[in-house]
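# What the coordinates show
This is what each chain is made of:
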Amino acid sequence: MNLQKLSPWNWFKSEANHESPAVSPAPERPLPPAMQLHQELDRWMDETLARVGLPSLGAGLTEMPTLLRPSIDISEGDAAYRISIEVPGVDEKDIKLTLDEGRLIIEGEKRQEQVEEEDRYRRVERRYGSFCRVLDLPEDAKAEAIQASFAKGVLTITVPRDGSRPSRRRQIPIQ
């Protein structure tokens, strides 16, 4: 069941159609046999996980840009919508917010490096990833007054509501 269809406003309707500018289209040439085997193993693993109710690993070659997909919480108040996005390990300078024709685009990149040195060895772990989330703003959103803050790995976006626009949402009495 798709829970997004049940929400009063589908914040994510454009997200599936939006392509991140960092993602380039795959070349139109056949893959080497080792890469074909890798894709087939990824597909098999995803199907196996789905059978036991676990989410896909999302590690297929075509899905690499979506490895880092931050969780989004949206709450609705009388005066504003509040959007909280968890982006642990991402610096504020690596996050970009853009407003494009009623869509709020949140893009970011995680760059993390951990170095561990002991007597006779050195270990370096690097984690890189980018994300792009697209939110469609409701009709009563005041796009010109959107504010954002960042603290402790959480990006908080406040979208004020325009009280002059009547809400299409109404309660229906049960008889």
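Notes on the structure in this doc start here. (Residues numbered from 1 in each chain as written. Predicted model: local features only at pLDDT ≥ 70, side-chain atom pairs only at ≥ 80, totals over all residues. Heavy atoms only, no water.)

## As for the overall build of the chain
We apply this condition: A helix here means a DSSP run of H or I that spans at least four residues, while a strand means a run of E at least two residues long, and both kinds are numbered starting from the N terminus. Only protein chains enter the calculation, and the probe is 1.4 Å; a residue is then buried if its accessible area is under 20% of its type maximum, exposed if over 50%, and partly exposed in between. Contacts between residues were defined by any pair of non-hydrogen atoms, one from each residue, lying within 4.5 Å.
Regarding its fold elements, the chain presents one helix and seven strands. Helices and strands appear in the chain in the N-to-C order α-β-β-β-β-β-β-β. Sorting the 175 residues of the chain into buried and exposed places 25% on the buried side. Sequence separation of 24 or more characterises 51% of the internal contacts of the chain that already satisfy a separation of 6 or more.

## As for the environment of Pro160
Within the secondary structure, Pro160 is located in strand 7 (residues 154-160). With relative accessibility at 18%, the residue Pro160 sits in the buried group. Each C-alpha atom of the pair Pro160 and Arg82 lies 8.5 Å from the other, and the pair is 78 residues apart in sequence. Apart from residues lying up to four places away in sequence, Pro160 is in contact with Ala79, Ala80, Asp140, Ala141, Lys142, Ala145 and Ile146.

## Some remarks on the sheet that holds strand 3 (residues 95-100)
Let me state the cut-off plainly: Whether two strands pair depends on DSSP finding at least two bridges between them. An axis is simply a line fitted to the C-alpha atoms; with a helix, the fit covers only the stretch in contact. Between two such axes, the angle follows the N-to-C directions and lies from 0 to 180 degrees.
One open sheet accounts for three strands, arranged 3-4-5; its pairing is antiparallel. Strand pairing shows two members of the sheet lacking a second neighbour, strand 3 and strand 5 (122-136), which therefore form its edges. Averaged over neighbouring strand pairs, the angle between their axes works out to 10° when direction is ignored. Sheet topology note: the strand 4 (residues 103-117)/strand 5 ladder contains 15 bridges and is antiparallel. Within the sheet, the bridge partner assigned to Glu116 lies in strand 5 and is Arg123.

## Here's the deal with the nonpolar core
Worth spelling out the cut-off: Working definition of a nonpolar core: buried Ala, Val, Leu, Ile, Met, Phe, Trp, Tyr and Cys residues. They are joined through side-chain atoms within 4.5 Å.
Judged by nonpolar contacts, the single largest core of 18 residues is most densely connected at Ile83, Ile85, Ile106, Leu135 and Ile157. Elements represented by at least two residues in this core include exactly strand 2 (80-86), strand 4, strand 5 and strand 7. Not counting residues up to four positions away in its chain, the partners in contact with Ile85 are Pro70, Ser71, Ile72, Ile106, Gly153, Val154, Leu155 and Ile157.

## Some details on the sheet that holds strand 6 (residues 147-151)
With respect to topology, four strands assemble into an open sheet ordered 1-2-7-6, the strand pairing being antiparallel. For this open sheet the edge positions go to strand 1 (72-76) and strand 6, each flanked by a neighbour on one side alone. With direction set aside, neighbouring strand axes in the sheet form an average angle of 15°. In terms of strand pairing, strand 1 meets strand 2 through five bridges, oriented antiparallel. Bridging across to strand 2, Glu76 finds its partner in Tyr81.

## Quick look at the pattern of salt bridges
Side-chain pairs of opposite charge can arise where the charged atoms are in close proximity. Heads up, the rule is: Just to be clear on terms, a salt bridge is a Lys or Arg side-chain nitrogen sitting within 4 Å of an Asp or Glu carboxyl oxygen.
If you walk through the whole model with that rule in mind, you get 14 salt bridges. Two residues, Lys93 and Asp91, come together in a salt bridge whose shortest N-O distance is 3.8 Å.

The analysis is restricted to geometry; functional conclusions fall outside its scope.
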